[in-house]
Amino acid sequence: MSIDFKGRVAIVTGAGGGLGKQHALALAARGAKVLVNDLGGDVHGVGGSVSAAQAVVDEIRAAGGEAMANGASVTDYEAVKAMVQQAVDAWGRVDILVNNAGILRDKSFAKMELADFKLVMDVHVMGAVHCTKAVWPLMQAQNYGRIVMTTSSSGLYGNFGQANYGAAKMALAGLMQTLSIEGEKHHIRVNCLAPTAATRMTEGLMPEAVLQALDPSAVVPAMLVMASEDAPNRTIICAGAGSFEVAHITLTQGVHLGTGPDTAERLAAAMAQVTDRQGELVPRSGSEQGALEVGKAMKAHGHSQA
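Please read all numbers here as calculations on a predicted model, not as lab measurements. (Residues numbered from 1 in each chain as written. Predicted model: local features only at pLDDT ≥ 70, side-chain atom pairs only at ≥ 80, totals over all residues. Heavy atoms only, no water.)

Asks: I keep staring at the overall build of the protein chain and nothing clicks. Help me out?
Replies: On a plain count of helices and strands, the protein chain comes out with 11 helices and 8 strands. Relative to the compact-globule value of 19 Å for 306 residues, the protein chain shows a C-alpha radius of gyration of 21 Å, a close match. With the C-alpha coordinates of the protein chain rotated into their principal frame, the extents come out at 70 × 45 × 35 Å. When each of the 306 residues of the protein chain is scored for burial, the buried share is 44%. A separation of at least 24 residues holds for 70% of the contacts in the protein chain among residues at least 6 apart in sequence. When the accessible surface of the protein chain is summed, it comes to about 15100 Å², and 55% of that surface belongs to carbon and sulfur atoms. Each charge sign in the protein chain was given a centre, from 24 positive and 28 negative side chains, and these centres are 4 Å apart. (Helix = DSSP H or I, 4+ residues; strand = E, 2+ residues; numbered from the N terminus. Rg over C-alpha atoms; globule rule 2.2 N^0.38 Å. Buried < 20%, exposed > 50% of the residue type's maximum accessible area, 1.4 Å probe, protein only. Contact = heavy atoms within 4.5 Å. Areas by Shrake-Rupley, 256 points an atom, 1.4 Å probe, with all protein chains shown as cover. Lys, Arg positive; Asp, Glu negative; His and termini not counted. Charge placed at Lys NZ, Arg CZ, Asp CG, Glu CD.)

As structure tokens, then:
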């Protein structure tokens, strides 16, 4: 069963190079019409030129595919709406959005300027929000959509010197959790990709042999699955060097301690039990935390839940 995108229209942001370029090429190779968005700035978000996006478009067209370039900054909602309209005017719909645009402004938190924190949040988080907001009504109306958010192990698990990037990437996982619930009735499936790939963002950080193993193309199959008709929903797929995993945000069974004046002390004493991962859950929504807690309280007081 091959995955193909004939008749589908995709928008890939940050697709002038690295992982985004590989996403765009792969979608086009499997039949999608692709709008290649890239501001054309450097890895820090400085500068801008549509030439990087146009080069990818030229490559797609040379291989017999359909594509067009767009140089909008994802931080500019009006420009993003115009980008989506550009795709609709040309091809009539938007089926797939891959939110890939991003920048780095790495420094330890003590040395980080607040402006650099804010800019990284604006590009990664608000950039994805702008693009998703612009395609959401279209996807609702056509009763179909596939949205891929790009998260990172730096957000899921932390990484020294990336407080801004990590905060932004974890925010995207939170955005995905809610949008996947809200989009379900309209057959809009929303997932996260956590890539490990050698791109402009990782140059100089790893040995050459490792960089070769982490070729961005090795991550692309995970995106193709999330963009496909049979995509999962509300899944964080981790991918790198040809390996694939899924990350979960879990909830331990915990312990009921009540509300007495010494509860803090009893909690400190019970932390080993509270953090015990045996029987941990993957909640289907935020309300499951409350349901678990109330359930334990009812049981502790001899009540059965209705």
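Having seen the model, we can carry on.
Asks: Explain the side chain of Arg 8 to me, please; I cannot follow it from the model alone.
Replies: Within the secondary structure, Arg 8 sits in the segment before strand E1 (9-12). Residue contacts for Arg 8: discarding those within four places in its chain leaves Ala 32, Lys 33, Arg 93, Asp 95, Ile 96, Tyr 144 and Glu 229.

Asks: Before we go on, may I ask you to explain the packing of helix H4 (residues 114-142) against helix H6 (residues 163-183) in this structure?
Replies: The geometry of a pair of packed helices is captured by two quantities: the angle between their axes and the separation between those axes. Contact geometry of H4 with H6 gives a least axis separation of 8 Å together with a crossing angle of 20 degrees. The angle between the axes of H4 and H6 places the two elements in the roughly parallel class. Judged by the twist between their axes, the crossing of H4 over H6 is right-handed. Residue-level contacts link Asp 116, Phe 117, Val 120, Met 121, His 124, Val 125, Ala 128, Val 129, Thr 132 and Trp 136 of H4 to Ala 163, Asn 164, Tyr 165, Ala 167, Ala 168, Lys 169, Ala 171, Leu 172, Leu 175, Leu 179, Glu 182 and Gly 183 of H6. Considering only residue class, the contact of H4 with H6 consists of 15 nonpolar, 4 polar and 3 charged. (Axes fitted to C-alpha atoms, helices over the stretch in contact; angles between N-to-C directions. Parallel < 35°, antiparallel > 145°, perpendicular 65-115°, else oblique. Left-handed = near helix turned anticlockwise from the far one by under 90°. Nonpolar A, V, L, I, M, F, W, Y, C, P; charged D, E, K, R; others polar.)

Asks: Which parts of the structure should I look at to understand helix H1 (residues 18-29)?
Replies: The α-helix advances 3.6 residues per turn, and as a result positions three or four apart in sequence lie on the same side. Counted at 1.5 Å a residue, the expected span for H1 with its 12 residues is 16 Å, and the 17 Å between its end C-alpha atoms agrees. When we look at burial in H1, the residues that qualify are Leu 19, Gly 20, His 23, Ala 24, Leu 25, Ala 26, Leu 27 and Ala 28. Of the surrounding elements, those touching the buried residues of H1 are E1, strand E2 (33-37), helix H2 (51-62), strand E4 (96-99), strand E6 (188-196) and helix H8 (220-227). Of the residues one or two after H1, Gly 31 is the one with positive phi, at around 105 degrees. (Expected span 1.5 Å × (residues − 1).)

Asks: Sorry if this is basic, but what is going on with the sheet that holds E2 here?
Replies: Each strand in a sheet pairs with another by means of backbone hydrogen bonds, the pair being arranged parallel or else antiparallel. Taking strand neighbours across the sheet as the criterion, the 8 strands line up as E3-E2-E1-E4-E5-E6-E7-E8 in an open arrangement whose pairing is mixed. Two strands bound the open sheet, and with one partner strand each, they are strand E3 (67-70) and strand E8 (243-247). Adjacent strand axes in the sheet meet at a mean angle of 20 degrees, parallel and antiparallel pairs treated alike. Bridge count for E4 against strand E5 (residues 145-150) is 4 bridges, and the pairing is parallel. Paired with Val 98 across the two strands is Val 148, which belongs to E5. Of the strands in this sheet, E1, E2 and E3 touch helix H3 (residues 77-91), which is tilted by about 160 degrees from E3. (Pairing = 2+ DSSP bridges.)

Asks: It is not clear to me how the pattern of salt bridges should be interpreted in this structure. Could you clarify?
Replies: Note that side chains of opposite charge can pair when their charged atoms are close. Taken as a whole and assessed by the stated rule, the structure comprises 10 salt bridges. Across the pair Asp 122 and Lys 118 runs a salt bridge, and its minimum N-O distance is 3.1 Å. Of the two residues, Asp 122 and Lys 118 both sit in helix H4, 4 residues apart, roughly one turn of that helix. Residue class for Asp 122 comes out partly exposed when judged on its relative accessible area of 24%. Overall, Lys 118 belongs to the exposed group, its relative accessible area being 52%. (Salt bridge = Lys/Arg side-chain N within 4 Å of Asp/Glu carboxyl O.)

Asks: What's the story with the environment of Phe 244 in this structure? I'm lost.
Replies: Relative to the elements of secondary structure, Phe 244 occurs in strand E8. The exposure class of Phe 244 is partly exposed, given its relative accessible area of 41%. Along the sequence, Phe 244 and Ala 222 sit 22 residues apart, while their C-alpha atoms lie 7.6 Å from each other. In contact with Phe 244, not counting residues within four places along its chain, are Ala 218, Val 219, Pro 221, Ala 222, Cys 238 and Ala 239.

The analysis is restricted to geometry; functional conclusions fall outside its scope.
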